[in-house]
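# Observations on chain architecture
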Amino acid sequence: MAENPAGTVNNTSINLGQILKLVQVGNLYGNISFHLGDMVHTETEAVLEEYQRYLAATFSPAEPELYQHFRKGFEQQRWAILSGEPGNGRETAAIALHAWCGMRVHSIPLNEQPGKRLARTLPVPGNGYLVDLTLTQIDGSIVTELRALRARVAENEAALTILTRPGQLTGELHEIPVFHVRRPPGIAVLSEHLKRLIGENAQKVWTTWQGVQDKVRDAGPSDAVRLARIAYQSRPTDDRTCTETWIREALDAYGDWKGELNGWFAEHSGDTAVWNRIALIAVAVLEGRQALEVFDAADDLAQALGERPRGVGGIFGPGVDLTLETVGAKRVPGDGVCFTRPEYADAVLEYVWEQLPRLRKYLIAWMSELVAERPQLVAPVRGACVRLALSRRDQPLTVEFFDSWAKSGRTRQAAADFAAEAASSPDLGKEIRKRLYDIARNPLSDHHQAMAVASACVTYGRTNPASALTRLKWLAQADSERVRQAALDALEELARDGERWFEVVGALLNEWCHEGVSPRRREVAFRFLVRALSASTEGVPERLLWSRTHPDVARATDHVADMWGAVLGRGDDDLTLEAVGTWISCVLEDAFRFEEVADILVRAAAGGRSGLSEGAVSRRTVTAGRMIVHWCERNGVDLGTRAVYTLQARLYKAHDPASSV
C-alpha cells in the first residue's frame, strides 16, 4: 500500500513475533475489537494499533483500481458501506480505508439493543468507527441512529464504515457510498503477507513456485494468511536446508492434517500404543509447557482412562525423548515441549474430538482436574479449549466447557475467564452469552455459576459493556446476598476502567434506580453510588477531583450531580450519611472547595434536566439538609460553622419557590 502523506499510520517497524500472536487473537475476536486474554502485560491500544497497521499494510483488494478510486472519495466524505460475503475481507478493507486517513478503527458491538448502543456512541476526534450489520435485524430505528451517528462523526472529524451482506441494505441509506468487497486471489493475499514476514526476495520464490500456486488457487484470504504464517514459523534457521525442502514441508503442514492423523492413529493402535495416544493429547493441550508438567498431566489422563501411568519422567527419564519423537514433538530451550510442525496441536485436538467421541467426557473431566489442581496450567488448558471450539465453530462446546468448570469453587475463576474470552468472540459468543444470561436470571443455590457469571462480566464487559451490564442487573436482584455482592463487586471493577465509567454509571442511573425496578437491584445501585461518592484522596472526594480535571468538565459535573441526585432520591440513612460526610469534611478542611461542592449538591437536589416535580425537588433538598445536620451532630461540628450554615442556606434558597418572587 502506498504511503499517504496526509495520514499518520506508519506501516514500518512492525514486530512480527507480536503480530503472529495477534493473528491468533484476531482469529478468535475478529480483526478490530478484542480483549487480549493472556496478554495482560501488553498495552491494549498499542497492540491494537500495531495489528491494524499490519492488516492495512497487507490488504490486497480484488479490484485495485476500483478500490483506489473509492478510497479517494472516502478520504473526503469519511463514511462508507462495505458490502460483501463473509470471508471476503470486509473488516480488513475497513481498516485499510481508515489507516489511509491516519485513523484506527474501533468496533461498535451490536449484540444487544443495537439502537441504544449506536445512540450512546460518542465519537472521539481522529478515530474511525465500524458498525457490522451482518447479524443485525435492520429496522427504521437502526437507520435513524446510524444517520445520527454519522452526524456526530462528521462534527468530530472522525470516520464511519458499515459492514453489510449483499442486498442487506436496499436503499435505506442511499446517501452512503457503497464499495463491494470481492474475494481477492489467494496468491495475492499470500504475496502481501510474505513480503512482511519473510522479505520480498523469499516471497518471490514462494509465489512463483508451482506447487504453492496450485495450493492457494482457490484459497480464501484466511487460508492464504495461514500458509504465510506457517512459512514464517517454519523458515530455516541454518544454511543447510534448501528452499525446496522448506516450501514442501510448509505445504505439508498446511495440507491434509486429517489424513496424516488417520495414518498415525492406525499405526499406533492396540493396547501397547495407548500411552502414545495419551502423550499426543497431553502435548496438544499443553504445548509449550515443561516436559515434567506435560508428562505428569499425561499420567493423570491415563489414570482417568483406567490405564497404568507410564511414569517416563518429565526431565531426564529414559522414555521422554523416545515418546516425544513418537508423537512428533521435541524439547526446546527451557525444557518446553513443542510439536515439530506449526499449528499441529490444534489439528490434533480437533481430530481427537471429532474422531474419538467416546473420549470427550474423559477429556473434559481431565482438563477440569488440571485447572483445579494445577493453577500454572489454567491458561494453556483454557486456550486449548477456546481454540478447539473456534476451529470447530462449535458454540455449544463453549457452554459445555463453561458448565463443567463453573460447578466448583476451585475452577470457578477458570470458567469465568473462559466464558469472557468466548463471549467476546463474534463467532463463538452467542451461545455462551445466552448461557450467562440464563444463569443470571435464575442463579442456582450453590452460587458458583452465578459468581462465575459476575466475574466473566468484568472481563468481557470491557469490550461489550451493554451485554455485561444486562447480566449484572439480573444478578443484582438475586435472592442470595453473596450473588448480589458479586454483582456489586463486578460493577465496581468494570467501572475502574476509565473508558467505561460513563457507560456503567449511566446504566445504573437510567435503568437501576427508578421506581418499578426490583428493590434489590436498586439497593445494589445505591451502594455502588454511595461508595463511589464516599471515596476520597487526601480529604477530597475522588469524584469531585475527577469532575474538575475531566476534559469535559460540564459533562462530568452533571454526571456527578446525577449520582448525588439518585442518592438523595433514595432518602436518608447511614450510607447516605457516609457520602455526605466525605463532602462536608472537604468543605471544612478547604474553604476553596466550597463553591464546587455547593454547585454539585444544588444541582443534585434540583434534578438537573430530569424534570423533577416540585415535591421531588423538595424531598431531595430536605434529605440533603437533614443529612448535613445529622453528620454534624454525630461528629461534634457546630451547625453555625460558616461553611455548614452557608451550604444549608444555598440548598434551601435555591429550591424555595418563594425565593424568586
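That block above? That's the structure.
First, a word on what this report is: a plain description of the structure on this page.

About the thresholds
Residues numbered from 1 in each chain as written. Predicted model: local features only at pLDDT ≥ 70, side-chain atom pairs only at ≥ 80, totals over all residues. Heavy atoms only, no water. Axes fitted to C-alpha atoms, helices over the stretch in contact; angles between N-to-C directions. Helix = DSSP H or I, 4+ residues; strand = E, 2+ residues; numbered from the N terminus. Parallel < 35°, antiparallel > 145°, perpendicular 65-115°, else oblique. Left-handed = near helix turned anticlockwise from the far one by under 90°. Contact = heavy atoms within 4.5 Å. Nonpolar A, V, L, I, M, F, W, Y, C, P; charged D, E, K, R; others polar. Buried < 20%, exposed > 50% of the residue type's maximum accessible area, 1.4 Å probe, protein only. Pairing = 2+ DSSP bridges. Polar contact = N/O pair within 3.5 Å; in protein donor to acceptor, adjacent residues only side chain to side chain. Salt bridge = Lys/Arg side-chain N within 4 Å of Asp/Glu carboxyl O. Expected span 1.5 Å × (residues − 1). 1 Å grid on protein atoms, 1.4 Å probe; cavity = no way out; pocket = protein on both sides within 12 Å on 5 of 7 lines; lining within 4 Å. Points joined across faces, edges and corners; volume = space filled by probe spheres on them. Phe/Tyr/Trp six-rings, centres within 6.5 Å; stacked < 30°, edge-to-face > 60°. Lys NZ or Arg CZ within 6 Å of the ring centre and 35° of its normal. Core = buried A, V, L, I, M, F, W, Y, C linked by side-chain atoms within 4.5 Å.

## Remarks on the packing of helix α19 (residues 395-405) against helix α20 (residues 412-423)
- Remark: α19 packs on α20, axes separated minimally by 8 Å, with the N-to-C direction vectors making an angle of 160°. Put simply, α19 runs roughly antiparallel to α20. Seen along the crossing, α19 lies across α20 with a hand that is left-handed. Here Thr398, Phe401, Phe402 and Trp405 of α19 lie close against α20, whose contacting residues are Arg412, Ala414, Ala415, Phe418, Ala419 and Ala422.
- Across the contact of α19 with α20, the residue classes tally to eight nonpolar, one polar and one charged.

## Regarding the pairing of strand β4 (residues 159-164)
- Burial analysis of β4 places six of its six residues in the buried class, the great majority of the element.
- When strand β3 (residues 128-132) meets β4, the two strands line up parallel, connected through five bridges. Residue aspartate 132 lies in a different strand from β4, and its bridge partner there is leucine 163.

## Describing the environment of aspartate 479
- By the secondary structure assignment, aspartate 479 is in the loop between α23 (465-475) and α24 (481-495).
- Judged by relative accessible area, aspartate 479 falls into the exposed class, the value being 65%.
- Separated by 36 residues in sequence, aspartate 479 and proline 443 have C-alpha atoms that sit 8.7 Å apart.
- Not counting residues up to four positions away in its chain, the partners in contact with aspartate 479 are Arg484 and Arg520.
- Here arginine 520 takes part through its side chain, which lies 2.6 Å from a polar atom of the side chain of aspartate 479.

## As for the sheet that holds strand β1 (residues 79-83)
- Strand order across the open sheet formed by five strands is β2-β3-β4-β1-β5, with parallel pairing between neighbours. Since the sheet does not close on itself, it has two edges, and those belong to β2 (105-107) and β5 (178-180), each with one partner. Strand-to-strand twist across the sheet, computed as the mean angle between neighbouring axes with direction ignored, equals 25°.
- As judged from the three bridges shared by β2 and β3, these two strands associate in the parallel manner. Each bridged residue has a counterpart across the sheet, and for serine 107 the counterpart in β3 is leucine 130.
- Lying on the sheet, helix α4 (residues 90-100) is in contact with β1, β2, β3 and β4; it crosses β4 at an angle near 165°.
- Lying on the sheet, helix α6 (residues 140-155) is in contact with β1, β3 and β4; it crosses β4 at an angle near 150°.

## Thoughts on the pattern of salt bridges
- Following the criterion strictly, the structure yields 33 salt bridges and no others.
- Here arginine 374 makes a salt bridge to aspartate 300, at a shortest N to O gap of 2.6 Å. Pair noted here: arginine 374 is in the loop between α17 (360-373) and α18 (378-392) and aspartate 300 is in helix α14 (residues 291-304), with a separation of 74 residues, a long-range link.
- Note on aspartate 300: relative accessible area 25%, which makes it partly exposed.
- Among the salt bridges present, the one from glutamate 595 reaches arginine 650, with a minimum N-O distance of 3.4 Å. On the criterion of sequence distance, the pair formed by glutamate 595 in helix α30 (residues 594-606) and arginine 650 in helix α32 (residues 642-654) is long-range, its members being 55 residues apart.
- Here arginine 650 falls in the partly exposed class, since its relative accessible area comes to 31%.

## Quick notes on helix α22 (residues 448-460)
- Given a rise of 1.5 Å per residue, 13 residues ought to cover 18 Å, and the 18 Å separating the end C-alpha atoms of α22 matches this to within 8%.
- For α22, a buried count of 13 out of 13 residues is recorded, marking the element as mostly surrounded by other parts of the structure.

## Observations regarding empty space enclosed by the protein
- Tallying each qualifying case throughout the model produces six cavities of 30 Å³ or more.
- The volume enclosed by the largest cavity comes to roughly 100 Å³.
- Lining the largest cavity, in full, are Ile281, Val285, Val348, Leu349, Val352, Trp353, Leu363, Trp366, Met367, Ala384, Cys385 and Leu388.
- With four residues, helix α16 (residues 344-355) is the single largest residue contributor to the lining of the largest cavity.
- Its residues assigned to classes, the lining of the largest cavity comprises 12 nonpolar, no polar and no charged.
- In this structure, the second largest cavity spans a volume of roughly 70 Å³.
- Lining of the second largest cavity is provided by Gln113, Lys116, Arg120, Ala466, Leu469, Thr470, Lys473, Ala507, Glu511 and Trp512.
- Breaking the lining of the second largest cavity down by element, the ones donating at least two residues are α5 (114-120), α23 and α25 (501-511).
- The dominant element in the lining of the second largest cavity, judged by the number of residues it contributes, is α23, at four residues.
- A per-class count over the lining of the second largest cavity returns four nonpolar, two polar and four charged.

## Some remarks on the side chain of glutamate 492
- Considering the arrangement of structural elements, one finds glutamate 492 in helix α24.
- For glutamate 492, a relative accessible area of 15% gives the class buried.
- At 2.8 Å, the side chain of glutamate 492 forms a polar contact with the side chain of arginine 531.
- In this view, glutamate 492 contacts Phe528 and Arg531; residues no more than four positions away in its chain are not counted.

## Here's the deal with the packing of aromatic side chains
- Taken as a whole and assessed by the stated rule, the structure comprises 16 aromatic pairs.
- Taken together, a centroid distance of 5.1 Å and an interplanar angle of 35° make the contact between phenylalanine 70 and phenylalanine 179 tilted. A residue pair is termed long-range when its members are at least 10 positions apart, and phenylalanine 70 in helix α3 (residues 64-77) and phenylalanine 179 in strand β5 qualify at 109 residues.
- A residue is classified by how much of its surface remains accessible, and phenylalanine 70, at 12% relative accessible area, is buried.
- On the basis of relative accessibility, which here comes to 9%, the residue phenylalanine 179 falls in the buried class.
- In textbook terms, an aromatic cluster arises when at least three aromatic residues are bridged by ring pairs, as seen for Phe59, Tyr67, Phe70 and Phe179.
- The side chain of arginine 441 reaches across the aromatic face of tryptophan 474, ending 3.7 Å from its centre.
- The residue whose ring lies beneath arginine 521 is tryptophan 474, and the NZ or CZ to ring-centre distance is 5.8 Å.

## Examining the nonpolar core
- Counting 167 residues, the largest nonpolar core has Trp206, Trp366, Val381, Phe402, Leu472, Phe528 and Trp564 as the members making the most contacts within it.
- What phenylalanine 528 contacts, discounting residues up to four positions off in sequence, is Leu488, Leu491, Glu492, Ala495, Trp501, Val504, Val505 and Leu508.

## Concerning the packing of α17 against α18
- The geometry of α17 relative to α18 is characterised by a closest axis approach of 8 Å and an angle of 150° between their N-to-C directions. Where α17 crosses over α18, the handedness of that crossing is left-handed. Taking contact as the criterion, the partners of Arg360, Met367, Leu370 and Val371 in α17 are, on α18, Val378, Val381, Cys385 and Arg392.
- For the contact of α17 with α18, the residue count by class is six nonpolar, no polar and two charged.

## Describing unusual backbone geometry
- Residue glutamate 157 is not a glycine yet carries a positive backbone phi of 55°.
- Positionally, glutamate 157 belongs in the loop between α6 and β4.
- Non-glycine residue arginine 393 carries a positive phi angle of around 50°.
- Of note, arginine 393 is situated in the loop between α18 and α19.
- The exposed category is assigned to arginine 393, whose relative accessible area is 51%.

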